[in-house]
Amino acid sequence: MWEAEADAGGGADGGDGQGGHSFPGGADTAAAPASGAPPPHAPGPGRDAASAARGPGMRPHIFTLSVPFPTPLEAEIAHGSLAPDAEPHQRVVGKELTVSGRILAIRWKAEDCRLLRISVINFLDQLSLVVRTMQRFGPPVSR
């Protein structure tokens, strides 16, 4: 698991760890041969065809978002409403939702920046609906 930020915000980086976020087990890197041609990549242990096709030194795109809620219960309700939605492109876009106190934290990891963008936009639409619904019905009653 990863730790949520304490305030609202998000960040994106190319997975190089410069944005304060890194993902263990990132892409393997290999030096190009002296001829300048890229080395051949074949799927093997710890590598799938997608990671082999992305080339040497290429890392996945990572985007994180922290959404504060007024109470931990509301963060849990939002998590319960948003978590069941499976990612349409599960093989190339990974999405992880966690709750820490009153913060709902979301982390995406994707090979394709276009699919990452689509996933984030769709999630924000769903999040907006969940927040508006909770506002319409008022604060939750503890069980």
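So, here's what we can say about the structure. Per chain, residue numbering runs from 1 following the sequence as it is written. Local features in this predicted model are restricted to residues whose pLDDT is 70 or higher, and side-chain atom pairs enter the listing and the counts only when it is 80 or higher, whereas totals over whole chains, interfaces and linings include all residues. To get the side-chain values, all heavy atoms of the structure are used, and hydrogens and water are removed first.

**Concerning the environment of lysine 95**
Numbering of helices and strands runs from the N terminus; a helix is a DSSP stretch of H or I covering at least four residues, while a strand is a stretch of E covering at least two. Locating lysine 95 in the fold gives a position in strand 3 (residues 93-100). Residue lysine 95 is classed as partly exposed on the basis of its relative accessible area of 23%. Distance from lysine 95 to serine 119, taken between C-alpha atoms, is 8.7 Å for residues 24 residues apart in sequence. Contacts are residue-level and defined by heavy atoms, with any inter-residue pair within 4.5 Å sufficient. Contact partners of lysine 95, with chain neighbours within four places excluded, come to Asp85, Glu87, Ile106, Arg107, Trp108 and Phe123. For each residue, the accessible area found with a 1.4 Å probe, counting protein chains only, is set against the maximum for its type, and the residue is called buried under 20%, exposed over 50%, and partly exposed in between.

**Let's talk about the nonpolar core**
To form a nonpolar core, buried Ala, Val, Leu, Ile, Met, Phe, Trp, Tyr and Cys residues must be joined to one another through side-chain atoms within 4.5 Å. Membership of the largest hydrophobic core comes to 19 residues, with the highest contact counts inside it found for Val67, Phe69, Leu82, Leu104, Ile106, Trp108 and Phe123. Of all the secondary-structure elements, those providing two or more residues to this core are strand 2 (61-68), helix 2 (72-82), strand 3, strand 4 (103-110) and helix 3 (113-137). With seven residues, the single largest contributor to this core is helix 3.

**Some words on helix 2**
Working note: α-helix, 3.6 residues per turn, so residues spaced by three or four point in the same direction. Among all positions of helix 2, only Glu74, Ala75, Ala78 and Leu82 are buried. With its buried residues spanning 105 degrees around the axis, helix 2 presents them on a single face. Where helix 2 is buried, its residues contact strand 3, strand 4 and helix 3. Throughout, the arc means that of the directions going from the helix axis to the C-beta atoms.

**Quick notes on the environment of glutamine 126**
Along the chain, glutamine 126 falls in helix 3. In this structure glutamine 126 comes out as partly exposed when scored by relative accessible area, which is 29%. Separated by 41 residues in sequence, glutamine 126 and aspartate 85 have C-alpha atoms that sit 9.4 Å apart. The contacts of glutamine 126, once residues within four sequence positions are left out, are Leu82 and Asp85.

**Let's talk about the pattern of salt bridges**
A carboxyl oxygen of Asp or Glu within 4 Å of a side-chain nitrogen of Lys or Arg is what we treat as a salt bridge. Inspection of every chain in the model, using the stated rule, returns one salt bridge. Aspartate 112 is the partner of arginine 114 in a salt bridge, and the nearest nitrogen-oxygen pair spans 3.9 Å.

**Notes on the packing of helix 2 against helix 3**
The contact between helix 2 and helix 3 brings their axes to 10 Å, and the two run at 130 degrees. Between helix 2 and helix 3, the angle is such that the two are oblique. Seen along the crossing, helix 2 lies across helix 3 with a hand that is right-handed. In this structure, helix 2 contributes Glu74, Ile77, Ala78, Ser81 and Leu82 to the contact, and helix 3 contributes Phe123, Gln126, Leu127, Val130 and Met134. Note that Gly is not counted as nonpolar here; it falls among the polar residues with everything else outside the nonpolar set of Ala, Val, Leu, Ile, Met, Phe, Trp, Tyr, Cys and Pro and the charged set of Asp, Glu, Lys and Arg. Of the residues contributing to the contact of helix 2 with helix 3, the split by class is seven nonpolar, two polar and one charged. Inter-axis angles, ranging from 0 to 180 degrees, are taken between N-to-C directions of lines fitted to C-alpha atoms, where helices are fitted over the stretch in contact. Under this scheme an angle from 65 to 115 degrees is roughly perpendicular, one under 35 degrees roughly parallel, and one over 145 degrees roughly antiparallel; angles in between are oblique. Left-handed describes a crossing in which the near helix is turned anticlockwise from the far one by less than a right angle; the clockwise case is right-handed.

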